[in-house]
Amino acid sequence: MATTLSSIQAPVSTICASSQRPHCPTGTQSLLFVSKPSNYTIFAKTSYSFKPSKIRPITAPRATPSSSPPTTFHGQCYVLGDNIDTDQIIPAEHLTLVPSKPDEYKKLGSFAFSGLPTSLYPIPFIQPGTDSTQYPIIIAGANFGCGSSREHAPVALGAAGVRAVVAESYARIFFRNSVATGEVYPIELEHEGVNKQCTTGDIVTVDLERNVFINHTKGKEFVLKPIGDAGPVIDAGGIFAYARKTGMISSVV
Amino acid sequence: MAATIVPAHAAFFGAKKEIGARASFSPSISAHRCRKHALNKVLAVMSPPQPSRAPSTTGSVKHGMTMTEKILAKSSDRSKLEPGENIWVNIDVLMTHDVCGPGTIGIFKKEFGKNAKVWDREKIVIIPDHYIFTSDERANRNVDIIRDFALEQNIKYFYDIKDLSNFKVNPDYKGVCHVALAQEGHCRPGEVLLGTDSHTCNAGAFGQFATGIGNTDAGFVMGTGKLLLKVPPTMRFVLDGEMPHYLLAKDLILQIIGEITVAGATYKSMEFVGSTVESLNMEERMTLCNMVVEAGGKNGVVPPDETTFKYLEGKTSLNYEPVYSDESAKFISEYRFDVSKLEPVVAKPHSPDNLALARECKDVKIDRVYIGSCTGGKTEDFMAAAKVFLASGKKVKVPTFLVPATQKVWMDLYSLPVPGSGGKTCSQIFEEAGCDTPASPSCGACLGGPRDTYARMNEPMVCVSTTNRNFPGRMGHKEGQIYLASPYTAAASALTGYVTDPREFL
């Protein structure tokens, strides 16, 4: 797989590295983070260094808010339909978990997508006995994240190891919460019906620099809409981190 | 126009006094285009103003604004604004509850410091209501967390509950947050109300801007009293015609959602006007606005009038200033309904827009009926259900669960006489009909909750419910089937054991 990709890059993480938000991969995400750095082509605009044994938050160069820092995600995808609501993303019975507590944050991740009806989605998003997913990328249809305002939804996805959701469209509160928390990139597709052309387990790449979504298994490429100004906010690690990074609020509280 | 983050006054974010060098801060919502209708195009965050709508410098062109635009303009100290603009809005009331409160508090303390103080102790309303009457330890702990915070910050409005075995001995406890906000006078025309709950849009019935936000946004508001919001375009819904005696506001909003779909109002404001809307009482108007989020809507509004002002008498001592859409206001779309032609409807499993006539579902056998929640557990909702039971005189054929939204609603059930009953109360009528005894007020099983929640669906079954969502697993079990309906339809269905049009009894 590595040979078919021109560049893989660990995602830019927050400047104010939050202990609550481990962007470190688990063993199941081996496709996302290849262990030998020498296999990577360093991404165009900036150079990164990282340790092969464990990906650590990388300090991004000080990007101006209007530029879109390059970001690529790669790995297996999990495919969903339309109107995936917050109860399916994280059933209400788990909302007693408080996302700002690190151990409960992790537990939330273990319940991500546990609300999906098994008749429609027989492949579990998280393997029984594990607490994070092997699918860092979600492909979905329209109106993803509809329903409740619970921030537990994007948090559960981020905690489980999802890096990006690629959907036709989003419900507004979910989109806003994804950006505010910096937990996942809510990417939009240019065209409809992409999820119907993908299968759970396909190896895909989400390229936010070229705004393309590549399904390597199916040999197809799809156009993405630019994430625009939401990108730098998520790159920084959410709204507060972004505000500190851009000097809106002081770093020391 | 580019959204400059900092308003004229400095010290905006507390500790930081200087204005950041980067003026082009416009986070949160990026350009978001809907392919389906060109009309629905939401302007990009950083795009320049479109020439045809550029505010005139001479002032000779009247810039009409919708109610939502006006409220947001007022709250952001702007004389005019347009849909698509990102603006910093001053928040009048922030509400949170036991499910999202702890997370919000965690973020507030992390970002503003563990000794930080909230921006205004009188503008935050903390209402435990979701997972209250349960033995789930974390749920109970979450109420303790919000209590500790309320005490530490000297929060003026905290509707506490300590004795879970008997809600009545907790004098401060109210129940469901959205109904409590209304009953306690926290909803006022012209204001901006944010809550960590999607049904915060419920308060739009009072002619204010009210919408749901997540923990992070709420944590931000807690510290600063402001939030960056994008001005939504407004869809206008004109409801005219005399309301048939067998219809309720729930039927109207289900009809609307069924027609525009669950994403039909995404990022938009829904304005409800017309003679029918004017004839609705406040609780019915709340039902209408409550489910705006089920269509993807950002907020809903009803123009305030005498009904509104009368309801508010004695509830609030604060002054308020109602606003109304201008004649020349621009709406992104307009839908007209002749209400006299509508029929009782349901939303079939598993989506709130899966519209069907109640009478066409009469062969659907059901296992239970649930009457409760912010959407359908108010006093008027129970009065409506009681009317149907009274008209029938028979007993229910399936377990019928009644969960009053608040303490006040519960008391109304036991004290207010039902018209035409010869002085009987709702509770008496419910008892005679064989319903379950009205339960402790809370959100209850609307969203499932901990396993021991009263009326939770723990096995696959078919339920007719006056609640707001019926996605898979909503009330507990993933294979449960939920038919959303009005209290009339719910009561009628309880009497037959099948989904039933209330005209069978009314």
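Residues numbered from 1 in each chain as written. Chains lettered and ligands numbered in written order. Predicted model: local features only at pLDDT ≥ 70, side-chain atom pairs only at ≥ 80, totals over all residues. Heavy atoms only, no water.

- Looking at an unreviewed UniProt entry, one finds chain A named 3-isopropylmalate dehydratase and attributed to Rhynchospora pubera.
- The record held by UniProt for chain A lists under Subunit (unreviewed entry) the comment "Heterodimer of the large LEUC/IIL1 subunit and the small LEUD (SSU1, SSU2 or SSU3) subunits."
- According to UniProt, the comment filed for chain A under the heading Pathway (unreviewed entry) is "Amino-acid biosynthesis; L-leucine biosynthesis; L-leucine from 3-methyl-2-oxobutanoate: step 2/4." (UniProt positions renumbered as here; feature names shortened; annotations may be inferred.)

Here we look at the overall build of chain B
Part 1 of the argument: The number of helices and strands found in chain B is 14 helices and 17 strands.
Part 2 of the argument: Counting only residues that meet the buried cut, chain B has 64% of its 506 residues in that class.
Part 3 of the argument: Contacts in chain B between residues at least 24 apart in sequence constitute 74% of all its contacts with a sequence separation of at least 6.
Part 4 of the argument: Accessible area for chain B stands at about 18000 Å²; split by element, carbon and sulfur atoms hold 50% of it. (Helix = DSSP H or I, 4+ residues; strand = E, 2+ residues; numbered from the N terminus. Buried < 20%, exposed > 50% of the residue type's maximum accessible area, 1.4 Å probe, protein only. Contact = heavy atoms within 4.5 Å. Areas by Shrake-Rupley, 256 points an atom, 1.4 Å probe, with all protein chains shown as cover.)

Digging into the overall build of chain A
Part 1 of the argument: Summing up its helical and strand segments, chain A has six helices and seven strands in all.
Part 2 of the argument: Ordering the α and β elements of chain A from the N terminus gives β-α-α-β-α-β-α-β-β-β-β-α-α.
Part 3 of the argument: Within the span of chain A, comprising 253 residues, buried residues form 64% of the whole.
Part 4 of the argument: Within chain A, contacts between residues at least 6 apart in sequence are counted, and of these 69% link residues at least 24 apart.

With respect to the packing of helix H11 (residues 379-392) of chain B against helix H14 (residues 487-496) of chain B
Residue and element names in this part refer to chain B.
Part 1 of the argument: The N-to-C vectors of H11 and H14 enclose an angle of 35°; their axes lie 8 Å apart at closest approach. For the pair H11 and H14, the sense of crossing is right-handed. Residue-level contacts link Asp381, Ala384, Ala385, Lys387, Val388, Phe389 and Ser392 of H11 to Pro487, Tyr488, Ala491, Ala492, Ala494 and Leu495 of H14.
Part 2 of the argument: In terms of residue class, the contact of H11 with H14 is built from ten nonpolar, one polar and two charged. (Axes fitted to C-alpha atoms, helices over the stretch in contact; angles between N-to-C directions. Left-handed = near helix turned anticlockwise from the far one by under 90°. Nonpolar A, V, L, I, M, F, W, Y, C, P; charged D, E, K, R; others polar.)

Structural notes on the pairing of strand E7 (residues 226-230) of chain B
In summary, the side chains of a regular strand alternate between the two faces of the sheet.
Residue and element names in this part refer to chain B.
Part 1 of the argument: Of all five residues in E7, five are buried; the element is thus mostly enclosed.
Part 2 of the argument: Residues Lys226, Leu228 and Lys230 line one face of E7 and the alternating positions Leu227 and Leu229 line the opposite face, and both faces are buried.
Part 3 of the argument: Inspection of the sheet shows strand E1 (residues 86-90) paired to E7 by five bridges, in the antiparallel sense. Its bridge partner lying in E7, Ile87 is registered against Leu229. (Pairing = 2+ DSSP bridges.)

Thoughts on the side chain of A:Asn177
All names here are of chain A.
Part 1 of the argument: If you trace the backbone, Asn177 turns up in helix H4 (residues 172-181).
Part 2 of the argument: By relative accessible area, which is 1% here, Asn177 ends up buried.
Part 3 of the argument: Polar contacts involving the side chain of Asn177 include one to the main-chain carbonyl oxygen of Ser149, which spans 2.9 Å. (Polar contact = N/O pair within 3.5 Å; in protein donor to acceptor, adjacent residues only side chain to side chain.)

Some thoughts on H11(B)
In an α-helix, one full turn covers 3.6 residues, which means residues spaced three or four apart are oriented alike.
Residues and elements named next belong to chain B.
Part 1 of the argument: In this model, H11 (14 residues) spans 20 Å end to end at C-alpha, consistent with the 20 Å of a helix rising 1.5 Å per residue.
Part 2 of the argument: Burial of H11 is extensive: ten of the 14 residues sit out of reach of the surface.
Part 3 of the argument: Those residues of H11 that sit buried are Thr379, Asp381, Phe382, Met383, Ala384, Ala385, Ala386, Val388, Phe389 and Ser392. (Expected span 1.5 Å × (residues − 1).)

Here's the deal with the sheet that holds strand E4 (residues 157-158) of chain B
Part 1 of the argument: If you trace the five strands from one edge of the open sheet to the other, you get E4-E3-E2-E5-E6 (chain B), paired in parallel fashion. Each edge of the open sheet is held by one strand with a lone partner, namely E4 and strand E6 (209-212) of chain B.

A short note on the nonpolar core
Residues and elements named next belong to chain A.
Part 1 of the argument: Of all hydrophobic cores here, the largest spans 112 residues; its most connected members are Leu80, Phe113, Phe125, Phe144, Leu157 and Phe213.
Part 2 of the argument: Residue contributions to this core peak at six residues, all from helix H3 (residues 152-160).
Part 3 of the argument: With near-sequence residues (within four places) excluded, Leu157 lies in contact with Ile89, Ala112, Phe113, Phe144, Val162, Val165, Phe174 and Val184. (Core = buried A, V, L, I, M, F, W, Y, C linked by side-chain atoms within 4.5 Å.)

What about the pattern of salt bridges?
Part 1 of the argument: This model, assessed by the stated rule, comprises 36 salt bridges over all chains.
Part 2 of the argument: Linking A:Asp87 and A:Arg150 is a salt bridge whose minimum nitrogen-to-oxygen distance equals 3.0 Å. One end of the pair, A:Asp87, is in helix H1 (residues 86-89); the other, A:Arg150, is in the loop between strand E2 (137-139) and H3, and 63 residues separate them in sequence.
Part 3 of the argument: Given a relative accessible area of 2%, A:Asp87 falls into the buried group.
Part 4 of the argument: A salt bridge links B:Asp501 to B:Arg503; the nearest nitrogen and oxygen atoms lie 2.8 Å apart.
Part 5 of the argument: When salt bridges that share partners are traced, they join B:Asp144, B:Arg147, B:Asp160 and B:Lys162 into one network. (Salt bridge = Lys/Arg side-chain N within 4 Å of Asp/Glu carboxyl O.)

Some details on the side chain of B:Arg368
Part 1 of the argument: The topology assignment puts B:Arg368 in strand E14 (residues 368-372).
Part 2 of the argument: Of the buried charged residues, B:Arg368 lacks a salt bridge, with B:Glu459 as the closest side chain of opposite charge at 7.1 Å. (Lys, Arg positive; Asp, Glu negative; His and termini not counted.)

Some details on the layout of surface pockets
All names here are of chain B.
Part 1 of the argument: What the second largest pocket holds in volume is close to 420 Å³.
Part 2 of the argument: As for the second largest pocket, its lining consists of 24 residues, of which Asp92, Val93, Arg188, Glu191 and Leu318 are closest to the centre.
Part 3 of the argument: Taken together, the residues of the lining of the second largest pocket sort by class into seven nonpolar, seven polar and ten charged. (1 Å grid on protein atoms, 1.4 Å probe; cavity = no way out; pocket = protein on both sides within 12 Å on 5 of 7 lines; lining within 4 Å. Points joined across faces, edges and corners; volume = space filled by probe spheres on them.)

A look at the packing of aromatic side chains
To describe a pair of aromatic rings, you give the distance between the ring centres and the angle between the ring planes.
Part 1 of the argument: Considering all chains together, one arrives at 27 aromatic pairs over all chains under this definition.
Part 2 of the argument: Between the aromatic rings of A:Phe240 and B:Phe220, the centroid separation amounts to 5.5 Å while the plane-to-plane angle is 45°, which identifies the pairing as tilted. Highlighted residues: A:Phe240 in helix H6 (residues 239-245) and B:Phe220 in helix H5 (residues 215-224), drawn from two different chains.
Part 3 of the argument: Overall, the relative accessible area of 3% leaves A:Phe240 in the buried class.
Part 4 of the argument: One aromatic cluster in this structure is built from A:Tyr78, A:Phe113, A:Phe125, A:Tyr135, A:Phe144, A:Tyr170, A:Phe174 and A:Phe175.
Part 5 of the argument: One residue, B:Lys315, lies across the ring of B:Tyr311, its end atom 3.8 Å from the ring centre. (Phe/Tyr/Trp six-rings, centres within 6.5 Å; stacked < 30°, edge-to-face > 60°. Lys NZ or Arg CZ within 6 Å of the ring centre and 35° of its normal.)

So, the sheet that holds strand E7 (residues 220-223) of chain A
All names here are of chain A.
Part 1 of the argument: Sheet architecture is open: seven strands sit in the order E4-E3-E2-E1-E5-E6-E7, paired in mixed fashion. Two strands lie at the open edges of the sheet, namely strand E4 (185-188) and E7, each paired on one side alone. Here the strands of the sheet are splayed against their neighbours by 30° on average, with no regard to which way each runs.
Part 2 of the argument: Note that strand E1 (residues 72-79) and E2 share three bridges and pair parallel. Residue pairing in the sheet places Tyr78 in a bridge with Ile138 of E2.

Thoughts on empty space enclosed by the protein
All names here are of chain B.
Part 1 of the argument: On inspection of all chains with the given rule, the structure shows eleven cavities of 30 Å³ or more.
Part 2 of the argument: Volume-wise, the second largest cavity comes out at about 220 Å³.
Part 3 of the argument: Forming the walls of the second largest cavity are 23 residues, and the residues nearest its centre are His130, Asp197, His199, Leu447 and Arg474.
Part 4 of the argument: Every element with two or more residues in the lining of the second largest cavity is listed here: helix H4 (177-183) and helix H10 (373-376).

Regarding the confidence of the model for chain A
Part 1 of the argument: Model confidence for chain A is summarised by a mean pLDDT of 77, while 70% of its residues fall at 70 or above.
Part 2 of the argument: Segment residues 1-68 of chain A: pLDDT under 50, and 115 contacts once partners within four positions in sequence are set aside and those in other chains are kept. (pLDDT = per-residue confidence, 0-100.)

Section: the environment of B:Gly195
All names here are of chain B.
Part 1 of the argument: Inspection of the secondary structure puts Gly195 in strand E5 (residues 192-195).
Part 2 of the argument: Placed 18 residues apart in sequence, Gly195 and Cys177 show a C-alpha to C-alpha distance of 9.3 Å.
Part 3 of the argument: Every residue in contact with Gly195, bar those within four places of it in the chain, is listed here: Met95, Thr200, Thr211, Gly212 and Ile213.

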